[in-house]
Amino acid sequence: MFQLIISWDTLPKFLKQILPQSYTYLIKTFNELPPFQTAEGFEISQFELDAFVDVCDKEKANKWFKDFESRSKTTMPETKRYEIKEKRVLFREKRHCLHSDIVKKKQGNRETKHPQSTRVRNIGCTANIHLRLESWRIKLSHPLEINLKFTHNHVVNSAESLSFRHIDGTVREKYLELFKDGHSPASAMYVYEDELHLSATNDQELLELLADRAKNPDYDYIAKLFQKYHDTELGGCNGSSMFQCLVEVVNSFNNSGRGKAALQEFNADTGKSFILCIVTELMCCVHEKVRQAGELCYMDASSSFEHFNNLIILFYTSCAISALPLGLFITSDEFEVTLEKAINLLKSILPPLSPPSATRR
Ligand SMILES: [Zn+2]
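Residues numbered from 1 in each chain as written. Predicted model: local features only at pLDDT ≥ 70, side-chain atom pairs only at ≥ 80, totals over all residues.

**Q** Help me understand the nonpolar core in this model?
**A** As a rule of thumb, soluble globular proteins bury nonpolar side chains together. With 26 residues, the main nonpolar core has Ala 51, Val 53, Ala 61, Trp 64, Leu 131, Leu 144 and Ile 146 as its most contacted residues. Only β3 (43-53), α2 (58-72), β5 (89-96), β6 (128-134) and β7 (144-150) provide two or more residues apiece to this core. Apart from the residues within four sequence positions on either side, Leu 144 is in contact with Phe 52, Val 53, Val 55, Ala 61, Trp 64, Leu 131 and Leu 133. In terms of nonpolar packing, the next biggest core, distinct from the first, is built from eleven residues, Phe 274, Cys 277, Phe 329 and Leu 346 among them. (Core = buried A, V, L, I, M, F, W, Y, C linked by C-beta atoms within 7 Å. Buried ≥ 20, exposed ≤ 12 C-beta atoms within 10 Å, placed from the backbone. Helix = DSSP H or I, 4+ residues; strand = E, 2+ residues; numbered from the N terminus. Contact = placed C-beta atoms within 7 Å.)

Here's what the structure looks like:
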């Protein structure tokens, strides 16, 4: 039997585009098949490959397969579940291309989301992969067996094929990070796509990145992810989890050394109004360094958050260079008792004044 250990670098070019890097391969058989002609006139190379990879446990086998999907730009859901008897086999999976009949059948009567769409997922592709890790092979240099039938009947990296791919887990995490930073679905998408533009080394790579749903999710997905993030992380408007989240934000702001904040939670049952007082690092500096902070203070109550109709009151002082901010608070109403409470809360977090004006506050 012909067997040859090959490092990734020495693989033929078309296998390099499919097999993940940083592994070595022991090729058992390689059969080149006649190429497939698509209706649009594209020629798709087809082959069968039986090989072993230097992967010796279940987790690494999963990782190899994920790397394979990412490298080959294909999506291959599991189509056959094997009963695993760990004495003999540690890992075994049969998977088919997302565009195959068998995947469609496996998913049963799942409703077609856009029946009028010209995009058809099931185009009878026959490409499949079989992965098997037998216990007795663990001691060998290349334990994981792969039988790949690379017989796609479509261009794997066409915009059409790429638009069906599943979103990459790291991309999802990246979007969640952007939402945590305060981005809306639209602004998160702009920031993320900007990064894609900067990361691409050439136009071809950029086009592939933008078309690949795994790397560049559609707006529908981003909006739904945002909605889910909003519901689980922040809870509904005025819900207790929203205030819990705000308490955490206030605490981390107070611990960050970038200023001070104080909060009174809204509670309709006990009649407590919402109050949030903020003194930023710059405002602290004004209190500590500018003499006028202890002599003159005026309030600007002309701002509000339209969505919740909360009142924002800003405090300023004036000096030779113009107005300087001293602090602000946000309240859910304008009652005298609320404003008095808010002013007292704001006073509790103000830093000490500069010595000459300390006696005048
Ligand atoms: Zn396919």
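**Q** Any chance you could explain the sheet that holds strand β2 (residues 24-37) here in plain terms?
**A** Two modes of strand pairing occur in sheets, parallel and antiparallel, and in both the strands are linked by backbone hydrogen bonds. What the seven strands build is an open sheet, ordered β1-β2-β3-β7-β6-β5-β4; its pairing is antiparallel. For this open sheet the edge positions go to β1 (4-7) and β4 (78-81), each flanked by a neighbour on one side alone. Looking at each pair of strands side by side, their axes are set apart by 25 degrees on average, direction ignored. Pairing analysis gives six bridges linking β6 to β7, with the strands arranged antiparallel. For Leu 133, the partnering residue across the bridge sits in β7 and is Leu 144. Of the strands in this sheet, β3, β5, β6 and β7 touch α2, which is tilted by about 160 degrees from β6. (Pairing = 2+ DSSP bridges. Axes fitted to C-alpha atoms, helices over the stretch in contact; angles between N-to-C directions.)

**Q** I tried to follow the packing of helix α5 (residues 169-180) against helix α6 (residues 185-199) on my own but got confused; where do I start?
**A** For any two helices packed against each other, one specifies the inter-axial angle together with the distance between the axes. Between α5 and α6, the shortest axis-to-axis distance is 10 Å and the interhelical angle comes to 125 degrees. On the basis of their axis angle, the class for α5 and α6 is oblique. Crossing of α5 over α6 shows right-handed handedness. The segment α5 lies against α6, with Lys 174, Tyr 175, Leu 178 and Phe 179 engaging Ala 188, Val 191 and Tyr 192. The class makeup of the residues in the contact of α5 with α6 is six nonpolar, no polar and one charged. (Parallel < 35°, antiparallel > 145°, perpendicular 65-115°, else oblique. Left-handed = near helix turned anticlockwise from the far one by under 90°. Nonpolar A, V, L, I, M, F, W, Y, C, P; charged D, E, K, R; others polar.)

**Q** Help me understand the domain arrangement of the protein chain in this model?
**A** Many descriptions give the size of an interface as the accessible area lost when the pieces come together. Per the domain assignment, the segments of the protein chain are domain 1 (4-158), domain 2 (169-234) and domain 3 (240-360). If you average the C-alpha positions of domain 1 and of domain 2, the two centres end up 27 Å apart. (Domains from an automatic or database assignment.)

**Q** Just checking my understanding: could you explain helix α10 (residues 281-289) for this structure?
**A** All of the buried residues along α10 are Met 283, Cys 284, Val 286 and His 287. Projection of α10 onto a plane perpendicular to its axis shows the buried side chains occupying an angular sector of 160 degrees, all on one side. In α10, the exposed positions that point more than 90 degrees away from the buried face belong to Glu 281, Leu 282 and Lys 289. Looking at the buried side of α10, the elements it contacts are β8 (259-264), β9 (275-280), β11 (310-319) and β12 (322-331). (Arc of directions from axis to C-beta.)

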